[in-house]
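Observations on the three-dimensional arrangement
The residues making up each chain are set out below.
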Amino acid sequence: MHELGVVFYVIDDVKKVAIENNAEEVKSVTIQLGEVSGVVPHLLEDCWNWAVKKHDIMKECVMKIEQIDAVTYCEDCKQYYPTMQYGRTCPYCQSPNTYLHTGNEFLIKEIEIT
């Protein structure tokens, strides 16, 4: 389960930001998670809920997850399409000359502190 390792890195980064800003408490962290990032949202949340309790400044911190849809771009017909529905082959021109445009991100979007 690599979600736990990911959570540890996020907590480290969030704690650094909180300390730099003289925060007393971290209320929430918003994560943007790509649909094909390889991270399972419910496992990430489970790991988060366990791990934050071990850090005084984050004991009550809530993780909010915003999904970024997987979108692929076809270099031949210049169309975008939903990756999960069609895969690597363009549904418009059947070309395999495509690449993932969005959907594999894992970003800390927002940290709410007090």
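To start, this report covers the structure provided alongside it. (Residues numbered from 1 in each chain as written. Predicted model: local features only at pLDDT ≥ 70, side-chain atom pairs only at ≥ 80, totals over all residues. Heavy atoms only, no water.)

**Regarding the environment of V17**
Locating V17 in the fold gives a position in helix α1 (residues 3–20). Spatially, the C-alpha atoms of V17 and P91 are 44 Å apart, while their sequence positions differ by 74 residues. (Helix = DSSP H or I, 4+ residues; strand = E, 2+ residues; numbered from the N terminus.)

**Brief notes about the sheet that holds strand β5 (residues 98–102)**
Here we have 3 strands laid out as an open sheet, ordered β4-β3-β5, and antiparallel in their pairing. Among the strands making up the open sheet, the edge pair consists of β4 (80–82) and β5. Across the sheet, the mean angle separating the axes of adjacent strands is 40° when strand polarity is ignored. Where strand β3 (residues 71–74) and β4 come together, 3 bridges link them in antiparallel fashion. Bridge pairing in β4 places Y73 opposite Y80. (Pairing = 2+ DSSP bridges. Axes fitted to C-alpha atoms, helices over the stretch in contact; angles between N-to-C directions.)

**Re the pattern of salt bridges**
Taken as a whole and judged by the stated rule, the model has 3 salt bridges. With a closest N to O distance of 3.4 Å, K27 and E25 form a salt bridge. Residue classification places E25 among the partly exposed positions, given a relative accessible area of 24%. Here K109 and E66 are joined by a salt bridge, their closest N and O atoms 3.1 Å apart. Placement of K109 in strand β6 (residues 106–113) and of E66 in strand β2 (residues 62–68) is noted, with a sequence separation of 43 residues between them. The class for E66 is partly exposed, based on a relative accessible area of 30%. (Salt bridge = Lys/Arg side-chain N within 4 Å of Asp/Glu carboxyl O. Buried < 20%, exposed > 50% of the residue type's maximum accessible area, 1.4 Å probe, protein only.)

Scope: geometric values only; no functional claims are made or implied.
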